[in-house]
Structure formats: structure tokens, C-alpha cells
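Examination of the molecular architecture
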Amino acid sequence: MKPEIRIYTNSVELTAAAATEFAGLAARAVAANNRFTVALSGGSTPRSLYSLLATDESLRAKIPWPETHFFWGDERNVPPDNSENNYHMASEALLSKVPVPAENIHRMKSENPDPAAAAAEYEGELRGFFRLAAEALPRFDLVLLGMGPDGHTASLFPDTAALEANDRLVVANWVEKFKTNRLTMTLPVLNNAATVMFLVSGSEKAEVLRAVLENGATKKFPAQLIQPVAGRLLWLVDEAAAARVSKERLIQ
Ligand code: 6PG
């Protein structure tokens, strides 16, 4: 399925559109299956989305919080009370402000000093929650993703081992440039989602977004490997990030 690329004037409009999409997906998922499963992304771009979902009364009222289950696509190697922690950011911006049951918050236990064990534990949590048979993959209703200037997404960084870990759901991934491990869902899990929504904002992403969307690069960026096998791929980007993408590329 071809990606849907939507360009917004600025990050405020991008965030509003992402929040509307989130609320619509949540309502439809719960109407169909009595639950909405979402894997959140970290970093700075989604923070404003999470805040808007918590504070915009009309959006807040649309979202079936008791039936919504929050997971994370990746996590930094810091404890949950650290400001760099993705769960911590989402909890401060959203989860502590809405009536989502504690048992619906499925964070990666990054405080575990053994990242491989933390990854295995989270993989077990996914297998248990989704009641997966041995080789099966979880299918999230929504996977939220961002993209770094190097084309990484989740914690799938260029030239890292996690890009090849296609027999696992979650792995600890050594990221040399940060000299640290990250926890990340793997490509098969991300690509099994019903909807994958990238949020990309800012001029610092313009060059990598061009390379990723125009698919010209011989060396694949991790973000280019996000190709849902049976799902929608949405790119919600602002004009600053899309500044170098050729217009014909955008005609859907
Ligand atoms: C993380 C994210 C990561 C993020 C990109 C973009 O843990 O940091 O999961 O993949 O989405 O780094 O981050 P920004 O939105 O802050 O540019």
C-alpha cells in the first residue's frame, strides 16, 4: 500500500491532525474490537500530541480511555523517573491526566540493569497480551513513529543489529554513537500494525525526509524499512520538514 503523505503548515496544525487521527482510530478500534492498542514513540515531536489529547476537551471525550492500551515502540536505557525516558514523557504529558487504568499502561522496564532481559520481558508481555502463538506477531491498531535526522525510527538506528533481529519482537540494541543500549520493537512488529503514523516536523529533517520519501538512497535508512505488510502508512509532516521533497512525489 502506498504511503499517505500529508503536509501541514506548521507543527501546531500537524499536531492537531495527528490528534484527530488518533481519536478516530481509537474510537473505530474500540467499536470493532472493544480495545485500542497503540505503541507510542518518544522524543520531542509527539509530546505536543500527547498534551493535546489530554487537554482538548472534545478530543479527550472521544477517546475510550478505559479500553485503550498504551505500549512503547522503544525506550531509552534510563529508569522511568528520568526525564529522558519515553514512558516518563508520555506519563507527564498524557497518562497522568486521563482516566486510563494503570493496568493498561505497558511500559518497557528500562530500569532493569540487563537490557536483554528487559527486552525479553517486554516480548513476553506482548506475547501474553496479544495471546500470540509461537511465530505470531502482535498487530497494533496504531504505531506512532518519529524519525531522526539520521533516518532512525523507534530505536532502529542505521547499521545497528536490531535491524536484522527479525526473529524477535523486542530487542536490546547497542547504539554506538550514543554508547548505550536502547530497547526497541523490531521491524516485523512495527510492520504488522494496522496503521503506522510518522510525525515529522522541522527543517532539520528536510534532507532525510527527501531521501526517505524519494526512496532514491541506495543505502536504506531504517525509516524506509517501515512498510506495513497489511496496514496504512501515514506520514504527517510540516512544511519545514517537507521543504526538499519533490512536489510530484507528493501527488498521491
Ligand atoms: C526516541 C524515539 C525516536 C524519535 C526520533 C525523533 O526514543 O527518541 O523513539 O525514534 O522518534 O529520535 O525524535 P524527535 O521527534 O525528538 O525529533
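Now for a description of the structure that goes with this document. (Residues numbered from 1 in each chain as written. Predicted model: local features only at pLDDT ≥ 70, side-chain atom pairs only at ≥ 80, totals over all residues. Heavy atoms only, no water.)

When helices and strands are counted, the protein chain shows 9 helices and 9 strands. Relative to a compact globule of 252 residues, whose C-alpha radius of gyration would be 18 Å, the protein chain shows 17 Å and is just as compact. In the protein chain, 76% of the contacts between residues at least 6 apart in sequence involve partners at least 24 apart. With an accessible surface of roughly 10,800 Å², the protein chain has 53% of that area assigned to carbon and sulfur atoms. (Helix = DSSP H or I, 4+ residues; strand = E, 2+ residues; numbered from the N terminus. Rg over C-alpha atoms; globule rule 2.2 N^0.38 Å. Contact = heavy atoms within 4.5 Å. Areas by Shrake-Rupley, 256 points an atom, 1.4 Å probe, with all protein chains shown as cover.)

Before going further, it helps to spend a moment on the sheet that holds strand S1 (residues 4-8). Taken together, the 6 strands give an open sheet; going across it, the order is S1-S9-S8-S5-S2-S3, and neighbouring strands pair in parallel fashion. Only two strands of the sheet have a single neighbouring strand rather than two, namely S1 and strand S3 (68-72). Averaged over all pairs of adjacent strands, the angle between strand axes in this sheet comes to 20°, irrespective of strand direction. Here strand S2 (residues 36-40) runs beside strand S5 (residues 142-145); their pairing, made up of 2 bridges, is parallel. Residue Val38 lies in a different strand from S5, and its bridge partner there is Leu142. (Pairing = 2+ DSSP bridges. Axes fitted to C-alpha atoms, helices over the stretch in contact; angles between N-to-C directions.)

Burial within strand S7 (residues 180-185) is extensive, with 6 of its 6 residues counted as buried. Burial along S7 is two-sided: Thr180, Arg182 and Thr184 and Asn181, Leu183 and Met185, pointing in opposite directions, are all buried. Across 3 bridges, strand S4 (residues 74-76) lies against S7 in antiparallel orientation. When the bridges of S7 are listed, Asp74 appears paired with Thr184. Note: strand S6 (residues 170-175) against S7, 6 bridges, orientation antiparallel. The residue bridging Val175 from the neighbouring strand is Thr180, located in S7. If you look at the hairpin formed by S6 and S7, you'll find 4 residues sitting between the two strands, and Lys179 has a positive phi there, around 50°. (Buried < 20%, exposed > 50% of the residue type's maximum accessible area, 1.4 Å probe, protein only.)

In this section: the site of the ligand. Surrounding the ligand, one finds 15 residues, the nearest of these being Ser44, Thr45, Arg76, Ala154 and Lys205. Within the contact set of the ligand, an oxygen atom lies 2.7 Å away from a backbone nitrogen or oxygen of Ser44. At 3.5 Å from an oxygen atom of the ligand is found a main-chain nitrogen or oxygen belonging to Gly146. Expressed as a share of its isolated accessible area of 410 Å², the protein-covered part of the ligand is 89%. (Near = heavy atom within 4 Å. Polar contact = N/O pair within 3.5 Å; in protein donor to acceptor, adjacent residues only side chain to side chain.)

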